[in-house]
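Single-letter residue listing:
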Amino acid sequence: MIEKEKVAVIVGPTAVGKTELSIRIADLLGAEIISGDSMQVYRDMDIGTAKIREEEMYAPSGRKIPHRMIDIVNPDEVFSVADYQKMVRKTISELNKERKLPLIVGGTGLYINSVIDPYNFTEMNFDGEYRQSKWEEAEKYGSHLLHKELSGINKAAAEKIHPNDTKRIIRALEIFRQTKRTLSELQEGSGESNPGYQLVLVGLFREREILYGRINQRVDQMIESGLINEVKTLLKQGYNPCLNSMQGLGYRQVAAYLNGILTKNEAINLIKRDTRRFAKRQYTWFKRDRRIKWFDLGQYENNDQCAQEIAKYIGRSLGIAVEEYINQNLEGNQ
């Protein structure tokens, strides 16, 4: 009997605390982290994507936790969910052969599910020109027109996507154009585990008031850290504001400010509002997956305690002996 490849997944909304906690969990599990974020694949887009810095990759033990699927394409390169699926599945196989646990960490539900569930993207050949034309159409006529187009193709999908969520609308239209199948059809069966993996999924949760406060604080920190200069540099390098990468949270609002469409305060407030709405959509996506074991981060005294509980859960689920290792460390620290 062929042994199934092991995969652990940690999901949750933006700003919930995935990055710091996952470092500690990966250390306890001897894992390597695979980014499950659709924006962190782009080079030179660091602040707005909350991309982990190299010095932050070190666990309290001193071990550096390797990260995959970060900084792999330029902002003007087409990178699809099909590309992500292919690359991550290959990485999972490589890590399993090396007896290392792949730990996918992120909040882009479609990207993560494309890897662990039977999504079929083999027929897709993403068209950058089509995507660009749709962004320009949205700029000229508004995203509501594209939403109406999507509703005519797949009413159920349109009902799940907000009329202002241009990025997801275009993605759904693009998928249909390339495959003649709706996103819903591609997602059929996504509630079943991929038979190729021994899988465990963990979700991180915080009460809404706390999460929204963390989101607002993160946006303020991004501005203080130089998000505006980051976007300004990207525009000076010739990256079009209509690019898929430049439509990410923070980037499109700052670009609008730099182009005189918004004031600075308006841009910042829009980033905060849109990020809160995005977090709500992330919860909605993940909550429908009954395989996910949720951990309320507000119930733990500190990240160490929480990381140990999650690592133990993942270890028990995948047959990895971590409890003895954790207990030894605790005894050594007493």
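From a predicted model like this one, the values you see are computed outputs, not experimental measurements.

### A short note on unusual backbone geometry
Unusually for a residue other than glycine, D44 sits at a positive phi of about 65°. A positive phi angle, close to 60°, is found at R99, a residue other than glycine. Of note, R99 is situated in the loop between α2 (81–97) and β4 (101–106). Among the residues examined, R99 registers a relative accessible area of 69% and is labelled exposed.

### Some thoughts on the pairing of strand β2 (residues 31–35)
Among the five residues in β2, five count as buried, and that is most of the element. Burial along β2 is two-sided: A31, I33 and S35 facing one way and E32 and I34 facing the other are all buried. Across five bridges, β2 lies against β4 in parallel orientation. Across the sheet, residue A31 finds its bridge partner in β4, namely L101. Here two bridges tie β2 to strand β3 (residues 67–68), and the two strands are oriented parallel to one another. The residue of β3 that forms the bridge with I34 is R68.

### What about the pattern of salt bridges?
Tallying each qualifying case throughout the model produces 21 salt bridges. The partner of R68 in a salt bridge is E32, with the nearest N and O atoms 3.1 Å apart. Highlighted residues: R68 in strand β3 and E32 in strand β2, separated in sequence by 36 residues. Overall, E32 belongs to the buried group, its relative accessible area being 6%.

### A look at the confidence of the model for the protein
On average, residues of the protein carry a pLDDT of 89, and 88% of them reach 70 or more. Confidence drops under pLDDT 50 across residues 189–193; counting only partners more than four residues distant or on other chains, this segment forms 12 contacts.

### With respect to helix α9 (residues 208–225)
Compared with the 26 Å implied by 1.5 Å per residue over 18 residues, the 25 Å span of α9 between its first and last C-alpha is a close match. By the burial criterion, the buried members of α9 are L211, I215, V219, M222 and I223. Buried residues along α9 cover an arc of 115° about the axis, so they all sit on one side. Opposite the packed face of α9, turned more than 90 degrees from it, sit the exposed residues E209, E224 and S225. Looking at the buried positions of α9, the neighbouring elements they touch are α10 (227–236) and α12 (264–287). Taken from the residues just after α9, G226 is the one with a positive phi, measuring 110°.

### Structural notes on the packing of helix α1 (residues 18–29) against helix α13 (residues 303–318)
Where α1 meets α13, the closest approach of the two axes is 9 Å, and the angle between their N-to-C directions is 50°. When the axes of α1 and α13 are compared, the pair comes out oblique. At the point where α1 passes α13, the crossing takes the right-handed sense. Contacts between α1 and α13 involve E20, L21, R24, I25, L28 and L29 on the former and, on the latter, N303, D304, C306, A307, Q308, I310, A311, I314 and G315. Taken together, the residues that form the contact of α1 with α13 break down as nine nonpolar, three polar and three charged.

### A closer look at the environment of E136
Secondary-structure assignment places E136 in helix α4 (residues 128–141). On the basis of relative accessibility, which here comes to 43%, the residue E136 falls in the partly exposed class. Once the C-alpha coordinates of E136 and L243 are considered, the two residues, 107 residues apart in sequence, prove to be 9.5 Å apart.

The rules behind these values
- Residues numbered from 1 in each chain as written.
- Predicted model: local features only at pLDDT ≥ 70, side-chain atom pairs only at ≥ 80, totals over all residues.
- Heavy atoms only, no water.
- Helix = DSSP H or I, 4+ residues; strand = E, 2+ residues; numbered from the N terminus.
- Buried < 20%, exposed > 50% of the residue type's maximum accessible area, 1.4 Å probe, protein only.
- Pairing = 2+ DSSP bridges.
- Salt bridge = Lys/Arg side-chain N within 4 Å of Asp/Glu carboxyl O.
- pLDDT = per-residue confidence, 0-100.
- Contact = heavy atoms within 4.5 Å.
- Expected span 1.5 Å × (residues − 1).
- Arc of directions from axis to C-beta.
- Axes fitted to C-alpha atoms, helices over the stretch in contact; angles between N-to-C directions.
- Parallel < 35°, antiparallel > 145°, perpendicular 65-115°, else oblique.
- Left-handed = near helix turned anticlockwise from the far one by under 90°.
- Nonpolar A, V, L, I, M, F, W, Y, C, P; charged D, E, K, R; others polar.

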